[in-house]
Amino acid sequence: MLTEIRKHCADLLTRKQVAAVYGLRERDGHTAPYLFTRAEDLDGLTVGTKVPVTFTLRPAKKNIISAFQEKCPGQKIAVLVRGCDERGLYEVAKRGQIQVADLAIIGYACDADQARACHCPRPHPQNLKFGEKVQGPSNEAFIAKIVNMSVAEREAFWRAQFSKCIKCYGCRNSCPVCICKECWMENDAFSPTGWLPPDFPMFHFVHFYHLSDSCIECGACVDACPMDIPLNLIRKVLSKKVQEELFYTAGQDPEEKPPLASREEAKERLEKGI
Amino acid sequence: MNYENVLTTCPYCGAGCNFYLQIMDGELVGVLPCKDHPVSQGKLCIKGWTANEFVTSPERLTKPLIKRDGKFVEASWDEALDAVAAKFKATRENHGPDALAVLASAKITNEENYALMKFTRAVLGTNNIDHCARL
Amino acid sequence: MSSTPDNFEPRIVAFLCNWCSYTGADLAGISRMNYPANVRAIRLMCSGSVKPFFIMSALHKGADGVLIGGCHIGDCHYQTGNHLTKKRIPITRELLGALGIDPRRVRLEWISAAEGQEFAEVIHEFVKELKALGPNPLAGGDHAH
Ligand code: SF4
Ligand code: SF4
Ligand code: FES
């Protein structure tokens, strides 16, 4: 798969169809995002490791693609994405951060092992060009752990989990859709500066709620958490509720409006078939 | 536009977490954890996550200062290092190597601390080395 | 859940929209309707300005229940403010439930300016329900601030 992807990207660059290819580069045994502008550098291009390409630069509070589009308006850029990367792009596009029309989205599928490791229900992008689609594991089985608990058991469970929190903000920083200029998680009303662990459940409540209709289930927050707090348990419960209640799934269509920020009735959305 | 990531070690403590500094057109724009680094495994604490911020802080000391007539004045690195070396030498000659002591830092890497230990014992000739994390 | 003392009087924080629910509560008062004195009303311009964080804050600071009152759908004075509320509250309740905070502590009601009676009834019912639930285990928070 990698050889074909490199060849495809090299073609795009040499035929000047795109100004740059944004993807992952492996160097000295480590993988990081990189903006390829020369075809000869594409030997270093890699895919398939769980390194996200969409995350928010801080303190700029925007992602690399949006920075690129600001600096080089109208220039086309190719982006190599997995399912979750694409969903992340769509979510920030809905919020006016990037122009999807100026992107050449090149998608590749994750394999079943990756999907299991990520608890990912949709391990492939819509713009799938490379690789075979596999079925992701179901969320139901995953969230059963807390769904089956009583309210009091859940409280005890989360108190124990959140008491481990060191307020590193890694869950927020690594989130591809956390783009707010002013973050409620930094608000002293929820979590006074210097207080550890944060009060149950204020600090986490803010993050969970604010992402309830934009979480794309990439698992980046969980991967970034040094304390191994299973943040995705709650996120998936909320995604399910948003689907059932508001007939909405995040990361599907860049033209959709986020339901909790739009004044459309859930019923109207259903009638429109979106 | 240019965008690349440079792997480096966190400057804040001796744990040795690694992360990428994100460089966009020559400008430092952020920190990105390194997922496949054996020490930090893609996780950082809040200091590491914000390690890009002090680089451009106006409060950062960017030039050596030497105290002259009770006031700090800017000096070149050569002047500063010469001043330190001269005082080290003078103290060692007049009072012996055990009149010197070195305080290592938790904010430098393991390897730098190792070099400091070697410097203290082999160059200065004393065992007086300690670190600030002894609470 | 801890056992409930017999004299437990739940504290309810009510976020009421200025145009309908607050006026409805006023009407209940003016008409000398009888309802329990457990409510602290906070007047907002619209139920749509009740951020879920307000609800969480009230619970964290010790409220036993939170009532959100707004105009009936179609009657919001800012047209669609309560449409936002209608979407937010179920998600907020789901989140509270998943975190282990009984979602029955949060209640959304549409109460018009003419519905003093309804307001009084809602309070009666809510107080009864909260008494059965007992004191909010979050009361006081972990840090006294
Ligand atoms: S979250 Fe899904 S799409 Fe993303 S890396 Fe994991 S399996 Fe692939
Ligand atoms: S990543 Fe984990 S430890 Fe860090 S702030 Fe988030 S929940 Fe807390
Ligand atoms: S004005 Fe009453 S709900 Fe908006």
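Scroll up to find the structure this text is about.
Residues numbered from 1 in each chain as written. Chains lettered and ligands numbered in written order. Predicted model: local features only at pLDDT ≥ 70, side-chain atom pairs only at ≥ 80, totals over all residues. Heavy atoms only, no water.

(A) Broad picture of the pairing of strand β3 (residues 27-33) of chain B. The buried fraction of β3(B) amounts to five of the seven residues, a majority that puts the element mostly inside the structure. Count of turn residues in the strand β2 (residues 18-24) of chain B/β3(B) antiparallel hairpin: two residues, of which B:Asp25 carries a positive phi of about 45 degrees. (Buried < 20%, exposed > 50% of the residue type's maximum accessible area, 1.4 Å probe, protein only. Helix = DSSP H or I, 4+ residues; strand = E, 2+ residues; numbered from the N terminus. Pairing = 2+ DSSP bridges.)

(B) Up close: helix α3 (residues 81-99) of chain C. Residue and element names in this part refer to chain C. Helix length check: α3 (19 residues) gives 27 Å between terminal C-alpha atoms against 27 Å at 1.5 Å per residue, within 8%. α3 sits mainly inside the fold: 16 of its 19 residues count as buried. Count one or two residues on from α3 and you reach glycine 100, which has phi positive near 95 degrees. (Expected span 1.5 Å × (residues − 1).)

(C) Molecular detail of the interface of chain A and chain C. Taken together, the contacts link 38 residues of chain A with 33 residues of chain C. Contact with chain C buries area across many residues of chain A, yet A:Phe205, A:Tyr209 and A:Arg263 alone supply 21% of it, more than any other trio. Counting the contacts that link chain A with chain C gives one salt bridge. Measuring nitrogen to oxygen at the nearest pair gives 3.9 Å for the salt bridge that ties C:Glu94 to A:Lys241. Between the two partners, chain A and chain C, sit five residue pairs in polar contact (both at pLDDT 80 or more). Every element with two or more residues in the side of chain A that touches chain C is listed here: α6 (151-162), α8 (202-210) and α10 (231-246) of chain A. If one sorts the elements of the side of chain A that touches chain C by residue count, α10(A) sits on top with seven residues. (Contact = heavy atoms within 4.5 Å. Buried area = accessible area lost by both parts, 1.4 Å probe. Salt bridge = Lys/Arg side-chain N within 4 Å of Asp/Glu carboxyl O. Polar contact = N/O pair within 3.5 Å; in protein donor to acceptor, adjacent residues only side chain to side chain.)

(D) Region of interest: the site of ligand 1. All names here are of chain A. Around ligand 1 lies a shell formed by Arg82, Gly83, Cys84, Cys110, Gln114, Ala115, Cys118, Cys120, Pro123, Glu217 and Cys218. At the level of elements, α3 (83-94) and α4 (112-118) are the ones that each hand at least two residues to the shell around ligand 1. Examining the composition of the shell around ligand 1, we find that three residues originate from one element, α4, more than from any other. Class assignment for the residues of the shell around ligand 1 results in seven nonpolar, two polar and two charged. (Near = heavy atom within 4 Å. Nonpolar A, V, L, I, M, F, W, Y, C, P; charged D, E, K, R; others polar.)

(E) Inspection of the sheet that holds strand β1 (residues 12-17) of chain C at higher detail. Residues and elements named next belong to chain C. Taken in spatial order, the four strands of this open sheet run β2-β1-β3-β4, and their pairing is parallel. In this open sheet, the two edge strands, each paired with only one partner strand, are β2 (39-44) and β4 (106-110). For this sheet, the mean inter-axis angle between neighbouring strands, taken without regard to orientation, is 20 degrees. Against the sheet, helix α1 (residues 21-30) makes contact with β1, β2 and β3 (65-70), and its axis sits at roughly 115 degrees relative to β1, the strand it touches most. Across the sheet, α3 touches β3 and β4, and the angle it forms with β4 is around 160 degrees. (Axes fitted to C-alpha atoms, helices over the stretch in contact; angles between N-to-C directions.)

(F) View of the pattern of salt bridges. According to the stated counting rule, one finds 25 salt bridges over all chains in the structure shown. The salt bridge involving A:Arg172 is made with A:Glu186; its shortest N-O contact spans 2.4 Å. Linking A:Arg172 in helix α7 (residues 170-173) with A:Glu186 in the loop between α7 and α8, this pair joins segments that are 14 residues apart in sequence. Classification of A:Arg172 as buried rests on a relative accessible area of 6%. Each of C:Arg107, C:Glu109, C:Glu125 and C:Glu129 takes part in salt bridges that share partners, so that together they form one network.

(G) Highlighting the arrangement of the chains. The top pair by number of contacts, from a total of two pairs of chains in contact, is chains A and C. A gap remains between chain B and chain C, with no contact made and the closest C-alpha atoms lying 21 Å from each other.

(H) Broad picture of unusual backbone geometry. Residue and element names in this part refer to chain A. Look at the link from leucine 196 to proline 197: it is a cis peptide, with omega at -15 degrees. For proline 197, the position within the fold is in the loop between α7 and α8. For the bond running from phenylalanine 200 to proline 201, omega is -15 degrees, close enough to zero to count as cis. If you check the backbone angles, aspartate 28 has positive phi at about 50 degrees while not being a glycine.

(I) Region of the structure containing the site of ligand 2. For ligand 2, the full set of nearby residues is A:Cys165, A:Ile166, A:Lys167, A:Cys168, A:Tyr169, A:Cys171, A:Phe203, A:His204, A:Cys225, A:Pro226, A:Met227 and A:Ile229. Of the residues that constitute the shell around ligand 2, the class distribution is ten nonpolar, one polar and one charged.

(J) Main features of the environment of A:Ile98. Residues and elements named next belong to chain A. One can find isoleucine 98 in the loop between α3 and β5 (103-108). Judged by relative accessible area, which is 3%, isoleucine 98 ranks as buried. Counting along the chain gives 58 residues from isoleucine 98 to glutamate 40, while the straight-line C-alpha distance between them is 28 Å. Setting aside chain neighbours within four positions, we find isoleucine 98 in contact with Asn63, Ile65, Ser66, Gln69, Leu89, Val92, Ala93 and Leu103.

Keep in mind that these numbers describe shape and distance, not what the molecule does.
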